[in-house]
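Summary of the model geometry
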Protein chains: 2
Amino acid sequence: MLYAGFMSATLPPFPRPPQEPVDEPELLQLGSPEDSPCLRADAARNRARLLDAASRLIAEHGVAGVTMEAVAAAAQVGKGTVFRRFGDRTGLLMALLDHSSRTLQADFMGGPPPLGPGAPADERLRAFGVAVLYRLVEQLDLHLAAQSDPTRRFAHPSYRALHTHVTILLRQIAPDADCELLAQPLLSYLDPALIHHLVRQCGMPMERLEAGWVDLVSRVTGTAPSC
Amino acid sequence: MLYAGFMSATLPPFPRPPQEPVDEPELLQLGSPEDSPCLRADAARNRARLLDAASRLIAEHGVAGVTMEAVAAAAQVGKGTVFRRFGDRTGLLMALLDHSSRTLQADFMGGPPPLGPGAPADERLRAFGVAVLYRLVEQLDLHLAAQSDPTRRFAHPSYRALHTHVTILLRQIAPDADCELLAQPLLSYLDPALIHHLVRQCGMPMERLEAGWVDLVSRVTGTAPSC
DNA sequence: ACTTTAAACGGACCTCGGTCCGGATCGTAA
DNA sequence: TTACGATCCGGACCGAGGTCCGTTTAAAGT
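Residues numbered from 1 in each chain as written. Chains lettered and ligands numbered in written order. Predicted model: local features only at pLDDT ≥ 70, side-chain atom pairs only at ≥ 80, totals over all residues. Heavy atoms only, no water.

1. Quick look at helix H3 (residues 79–86) of chain B
In an α-helix, one turn spans 3.6 residues, which is why side chains three or four residues apart end up on the same side. Residue and element names in this part refer to chain B. Listed in full, the buried residues belonging to H3 are Thr81, Val82, Arg85 and Phe86. Seen end-on, H3 carries its buried residues on one side only, within an arc spanning 105°. As for H3, its buried residues are in contact with helix H1 (41–61), helix H2 (68–74) and helix H4 (89–110). (Buried < 20%, exposed > 50% of the residue type's maximum accessible area, 1.4 Å probe, protein only. Helix = DSSP H or I, 4+ residues; strand = E, 2+ residues; numbered from the N terminus. Arc of directions from axis to C-beta. Contact = heavy atoms within 4.5 Å.)

2. Quick notes on the relation of the copies chain A and chain B
You can overlay chain A on chain B at an RMSD of 0.1 Å; the transform is a turn of 180° with a shift of 0.0 Å along its axis. One copy is carried onto the other by what is essentially a two-fold rotation axis. When the interface residues of chain A are mapped onto chain B, 100% of them again lie at the interface, so the same face is used by both copies. (Least-squares fit on C-alpha atoms with pLDDT ≥ 70 in both.)

3. Regarding the packing of aromatic side chains
On inspection of all chains with the given rule, the structure shows six aromatic pairs over all chains. Ring centres 5.3 Å apart and planes at 75° place the aromatic pair Phe108 of chain A and Phe128 of chain A in the edge-to-face group. Within this pair, whereas Phe108 of chain A is found in helix H4 (residues 89–110), its partner Phe128 of chain A is found in helix H5 (residues 121–138), the two being separated by 20 residues in sequence. When sorted by exposure, Phe108 of chain A lands in the same class as Phe128 of chain A, which is buried. A centroid spacing of 5.9 Å and a plane angle of 50° characterise the contact between Tyr189 of chain B and Trp213 of chain B, whose relative ring orientation is tilted. Residue Tyr189 of chain B is found in the loop between helix H9 (179–188) and helix H10 (192–201), and its partner Trp213 of chain B is found in helix H11 (residues 206–221); the two are separated by 24 residues along the sequence. Given a relative accessible area of 2%, Tyr189 of chain B falls into the buried group. Of the residues examined, Trp213 of chain B reaches a relative accessible area of 0% and is grouped as buried. (Phe/Tyr/Trp six-rings, centres within 6.5 Å; stacked < 30°, edge-to-face > 60°.)

4. Focus: the domain arrangement of chain A
Residues and elements named next belong to chain A. By the assigned domains, chain A splits into domain 1 (41–87) and domain 2 (88–222). On a C-alpha basis, the centroid separation for the pair domain 1 and domain 2 is 28 Å. Opposite the 11 residues of domain 1 that make contact, domain 2 presents 10 residues. Contact between domain 1 and domain 2 buries roughly 900 Å² in total, counting both sides, with carbon and sulfur atoms accounting for 79%. The interface formed by domain 1 and domain 2 holds zero salt bridges in total. Summed over the shared surface of domain 1 and domain 2, the number is two residue pairs in polar contact (both at pLDDT 80 or more). Mapped onto the side of domain 1 that touches domain 2, the elements with two or more residues apiece are helix H1 (41–61), helix H2 (68–74) and helix H3 (79–86). Here the side of domain 1 that touches domain 2 gets four residues from one element, more than from any other, and that element is H1. The residue inventory of the side of domain 1 that touches domain 2, partitioned by class, reads nine nonpolar, two polar and no charged. (Domains from an automatic or database assignment. Buried area = accessible area lost by both parts, 1.4 Å probe. Salt bridge = Lys/Arg side-chain N within 4 Å of Asp/Glu carboxyl O. Polar contact = N/O pair within 3.5 Å; in protein donor to acceptor, adjacent residues only side chain to side chain. Nonpolar A, V, L, I, M, F, W, Y, C, P; charged D, E, K, R; others polar.)

So, in structure tokens, the structure goes:
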């Protein structure tokens, strides 16, 4: 029963309302993992089963093996149930990533410096990038597969959380800049697809990516690394 | 008979060889539009028909209306033909963009300054971003839909061409930096998906995006705009 | 315990991208 | 002009994501 309490947001009944912004977990506040709409008992049980089944499938056949039908079958549940719970394949994969996502967020919002508060903002930013970088490569395939259609990528709460954090740090360093906008190219450097390209297709070593991040931060913020 | 000579590269027969890097149009050299493998007469005719049909469908039903079957039907051609010619849906859409792609490339490689050679590198870079920005918004939906799966985005020749250009400019400005890497966040700022998000979802005006680009270039290169 | 109702369930069904392969066609060389 | 091989064509076929709706069930109220 892994993944018991992930991504506790529920989706609207079934015929989802056309465009209404689905109520997503408030990642920005580290919402307690077990909160909110409180699923019905059977729904919660199935949800856990599904996540469990999915991660088992990944372990056995890779992300490509995570077919909605396969997951449903492995969890001994109807296909419709998978979609009702997670909306679509992307939603399911995101839910799988939710745990590490929350962990990272906790680290940079409340953990020890230099990632957490206490260190100078530019150092925190450098640490942030490196942390994200390593989190990504750890589960690169999953992150790649979880990239929803380009239309929703930037609007997704998990991206927004990162964006907000970077924006806030930037504001502490360069109060006069358009930090909200400036945060975007920084975050883009941490795009799973880019990492995939650089590491797997171009064969770059992680050290170079790391150095690239540090250099980027220095240039964008006009600061210099401490060490 | 619009689009007669776009993207003249042919794909291998049909059962495409597994992973062999399909011979793509050498965008980096502004290959003449009418070059290369020279399709058989009927193939060329169908190719033109298909592109024509596709652009007609877009005009009538938007990009979403461009179904492979719909295109085939509209061009009075078998479905298999579409796939043989363009590989997949992404390939078809890219082919539609090929024209403006080549135009832009010609402009920044051989056109008048500040886009083309003659102006200082940092000014060229600023002009480049603005040009790309406006090219994107002009056909944003098409660009969005043409985004292939994340795995191939950065490897595609049309991206490589932009990347190479930016890298070269950067090297003229900051010879000691890791320009190849530094070019990535700059290009990411010009990602259709990001533009879409900022303009349509956040409602930012183009002026702000433009200013953001100029500022980004200044910070990354450590230069200041001339005017 | 019994009723009630909103929520969850399941799996048939639809669409669309992508593949396959027997048959038609083009271009060429004799 | 004819014959031949490479290339192309077409549409049946498959798998996977996503939807629908009649049925079941948890849980709150009486």
